[in-house]
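Residues per chain, in single letters:
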Amino acid sequence: MFHDQRFYVAISFVLFFLFFGRKLWAAIAAVLDARADQVRSNLDEASRLRREAEKMLEDATREREQALAESRALIERSRAEAASIAENARREAEAVAARREQMARDRIAASERAAIREVREMAADAAIQATRSLLTQHLTAEQAGASALLDRGISDLPQALKASNEAGSRNQNAA
């Protein structure tokens, strides 16, 4: 037992701790206490930061909800305004189309009246030419009958013109 090295190592270990154990234990305890205090302060700081983060999260969530509500309201207003603008544009387009259609109908009616007037004038000119040529032929053949026919035609002319104008007015009103 006294010759064994382990015995002397064990005795030296016990003596070392008896002489230096208190100082060493105080130093180790001080380091451990300092480390425990540092861990406690880190935990306190972490919990404070967590509370602040939770508060910031709540504020951010509240602000996000407000922004979403505002954006929804803005979208609804925009949709309503777009629908209103589209309705106004549709009404204006219909009004323009109706005006253009009426203008086209008016132009067509004016063209019809001008064509009818032109046809009447041409028919009257043709009738006058035919009458002239017939009268010329008949007048040369019958001088006495031609005179009576000419007098009768001249006396009937105002009534015929009046009847022609009335018929033309009725046709224009009907169109």
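Conventions used here
- Residues numbered from 1 in each chain as written.
- Predicted model: local features only at pLDDT ≥ 70, side-chain atom pairs only at ≥ 80, totals over all residues.
- Heavy atoms only, no water.
- UniProt positions renumbered as here; feature names shortened; annotations may be inferred.
- Helix = DSSP H or I, 4+ residues; strand = E, 2+ residues; numbered from the N terminus.
- Areas by Shrake-Rupley, 256 points an atom, 1.4 Å probe, with all protein chains shown as cover.
- Patch = residues over 30% accessible without salt bridge, like charges linked within 9 Å, V, L, I, M, F, W, Y side chains within 5 Å.
- Salt bridge = Lys/Arg side-chain N within 4 Å of Asp/Glu carboxyl O.
- Buried < 20%, exposed > 50% of the residue type's maximum accessible area, 1.4 Å probe, protein only.
- Phe/Tyr/Trp six-rings, centres within 6.5 Å; stacked < 30°, edge-to-face > 60°.
- Polar contact = N/O pair within 3.5 Å; in protein donor to acceptor, adjacent residues only side chain to side chain.

Per an unreviewed UniProt entry, the protein chain carries the name ATP synthase subunit b and comes from Asaia bogorensis NBRC 16594. Of the protein chain, the UniProt comment under Sequence similarities (unreviewed entry) reads exactly: "Belongs to the ATPase B chain family."

1. Looking at the overall build of the protein chain
Summing up its helical and strand segments, the protein chain has two helices and zero strands in all. Within the structure as shown, the protein chain displays about 15,600 Å² of accessible surface, and the carbon and sulfur contribution to it stands at 61%.

2. With respect to a nonpolar patch on the surface
On the surface, a cluster of nonpolar side chains totalling about 1,200 Å² of accessible area is made up of Ile-11, Phe-13, Val-14, Leu-15, Phe-16, Phe-17, Leu-18, Phe-19, Phe-20, Leu-24, Ile-28 and Leu-32. Assignment of secondary structure puts Leu-32 in helix H1 (residues 5-141). Taking relative accessible area as the criterion, Leu-32 reaches 53% and is therefore assigned exposed.

3. What about the pattern of salt bridges?
The tally for this structure, following the rule as stated, stands at twelve salt bridges. The salt bridge partner of Arg-50 is Glu-54, with a shortest N-O separation of 3.2 Å. With Arg-50 and Glu-54 both in helix H1 and four residues apart, the pair spans about one turn of that helix. Under the relative-accessibility criterion, Arg-50 is labelled exposed at 57%.

4. Structural notes on the packing of aromatic side chains
In the structure shown here, the tally under the stated rule is two aromatic pairs. With centroids separated by 5.5 Å and ring planes inclined at 70°, the aromatic side chains of Phe-7 and Tyr-8 adopt a geometry described as edge-to-face. Seen in terms of ring centroids, Phe-16 and Phe-20 are 5.3 Å apart; in terms of plane orientation they differ by 50°. Their pairing is tilted. Here Phe-16 and its partner Phe-20 are both found in helix H1, four residues apart, which amounts to about one turn of the helix. Its relative accessible area of 40% is what places Phe-16 among the partly exposed residues. A relative accessible area of 45% places Phe-20 in the partly exposed class.

5. Regarding the environment of Ser-47
With respect to the element layout, Ser-47 can be found in helix H1. Here the side chain of Ser-47 touches Asp-44 through a polar contact of 3.1 Å, landing on its backbone oxygen.

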